[in-house]
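# Close look at the chain arrangement
Here is how the chains run, residue by residue.
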Amino acid sequence: MNNRQLGTHEMLEVHELLNFKNVCMTKTKTMMGLVSCQELQGLMQEDVQNSAKAIQDYQALLSRANYI
């Protein structure tokens, strides 16, 4: 999509997604200390890495977007 203008409702949606992803990542990082299964810890670590990437993408989208 070449049009970088986002409506107010779209900006709010992106902010909600960003907040949700931050909460999920924080919870996963916290729970990792309670997990003894190595396989589950590996999956949780992968989830943290994917969440961090998503957070960066959302932040980049918000910084590039024009408000209308």
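As the structure is a computational prediction, the values presented were derived from the model and not from experiment.

Moving on: the overall build of the protein chain. Scanning the protein chain from terminus to terminus reveals two helices and two strands. In the protein chain, the succession of helices and strands from N to C terminus is β-α-α-β. Rg of the C-alpha trace for the protein chain: 15 Å, well past the compact-globule value of 11 Å for 68 residues, more than 25% over. Projected onto its principal axes, the C-alpha positions of the protein chain cover 50 × 20 × 15 Å. For the protein chain, the residues scored as buried account for 24% of the 68 residues in total. Considering only residue pairs separated by 6 or more positions, the protein chain has 71% of its internal contacts joining residues 24 or more positions apart. In the form shown here, the protein chain has an accessible surface area of approximately 5200 Å², with 55% of it arising from carbon and sulfur atoms. Where the 6 positive side-chain charges of the protein chain centre and where its 7 negative ones centre are 7 Å apart.

Time to look at helix α2 (residues 38-64). Taking 1.5 Å per residue as the helical rise, α2 with its 27 residues ought to reach 39 Å, and the 39 Å between its terminal C-alpha atoms agrees with that figure. Taken together, the buried positions of α2 are Met44, Val48, Ser51, Ala54, Ile55 and Leu62.

Cut-off values and rules
Residues numbered from 1 in each chain as written. Predicted model: local features only at pLDDT ≥ 70, side-chain atom pairs only at ≥ 80, totals over all residues. Heavy atoms only, no water. Helix = DSSP H or I, 4+ residues; strand = E, 2+ residues; numbered from the N terminus. Rg over C-alpha atoms; globule rule 2.2 N^0.38 Å. Buried < 20%, exposed > 50% of the residue type's maximum accessible area, 1.4 Å probe, protein only. Contact = heavy atoms within 4.5 Å. Areas by Shrake-Rupley, 256 points an atom, 1.4 Å probe, with all protein chains shown as cover. Lys, Arg positive; Asp, Glu negative; His and termini not counted. Charge placed at Lys NZ, Arg CZ, Asp CG, Glu CD. Expected span 1.5 Å × (residues − 1).

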